[in-house]
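Chain by chain, the residues:
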Amino acid sequence: VQLQASGGGLVQAGGSLGLSCTASERTFSHYGMGWFRQAPGKEREFVAAISLNGGSTYYADSVKGRFTISRDNFRNTVYLQMNSLKPEDTAVYYCAARRFIATPPRNPYEYNYWGQGTQVTVSS
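Thresholds applied
- Residues numbered from 1 in each chain as written.
- Predicted model: local features only at pLDDT ≥ 70, side-chain atom pairs only at ≥ 80, totals over all residues.
- Heavy atoms only, no water.
- Disulfide = S-S within 2.5 Å.
- Helix = DSSP H or I, 4+ residues; strand = E, 2+ residues; numbered from the N terminus.
- Buried < 20%, exposed > 50% of the residue type's maximum accessible area, 1.4 Å probe, protein only.
- Pairing = 2+ DSSP bridges.

Draft legend 1. Structural detail: the state of the cysteines. One pass over the structure, following the stated rule, counts one disulfide. One disulfide in the model links C21 with C95; its S-S distance is 2.0 Å. For the disulfide bridge between C21 and C95, the dihedral angle about the S-S bond is near 65 degrees, and by the sign convention the bridge is right-handed. Linking C21 in strand β3 (residues 17-23) with C95 in strand β9 (residues 91-99), this pair joins segments that are 74 residues apart in sequence. Judged by its relative accessible area of 0%, C21 falls in the buried class. Residue C95 is classed as buried on the basis of its relative accessible area, which comes to 0%.

Draft legend 2. Quick peek at the pairing of strand β5 (residues 45-50). A large share of β5 lies buried, amounting to five of its six residues. By the bridge criterion, five bridges tie strand β4 (residues 31-38) to β5 in an arrangement that is antiparallel. Following the sheet pairing, M33 is matched in β5 by I50. In textbook terms, the turn of a hairpin is the stretch between consecutive antiparallel strands, and for β4 and β5 this stretch comprises six residues, one of which, G41, has a positive phi near 80 degrees. Sheet topology note: the β5/strand β6 (residues 57-59) ladder contains three bridges and is antiparallel. Across the sheet, A48 pairs through a bridge with Y59, a residue of β6. Linkage of β5 to β6, two consecutive antiparallel strands, is achieved through a turn of six residues, within which G54 is found at a positive phi near 85 degrees.

See the structure below:
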């Protein structure tokens, strides 16, 4: 599956951004989806994940209550709504897919497919 992420940009602290990631396959509902981010000089870290049908969501403690992951299986798209952004949220954000997984993992190495990344910059 090919993943195309979009929606990054520059925002002031306290602002909001929404990211989208669209998959090329009609079997999108067969994939657990995750969002990860990577800041310069740091390892890629888990942000959020969502189950096949969207019924379960998972968040890193650092974004819980501020970010919301959702998906639309008819549009083959997963979303990440980011509110109350902080400068430490600055990173390249990646979407990732793992086929036929009931609980999407937090470990990036367990994902099979990755989008190209989109830059999010939060100014103070």
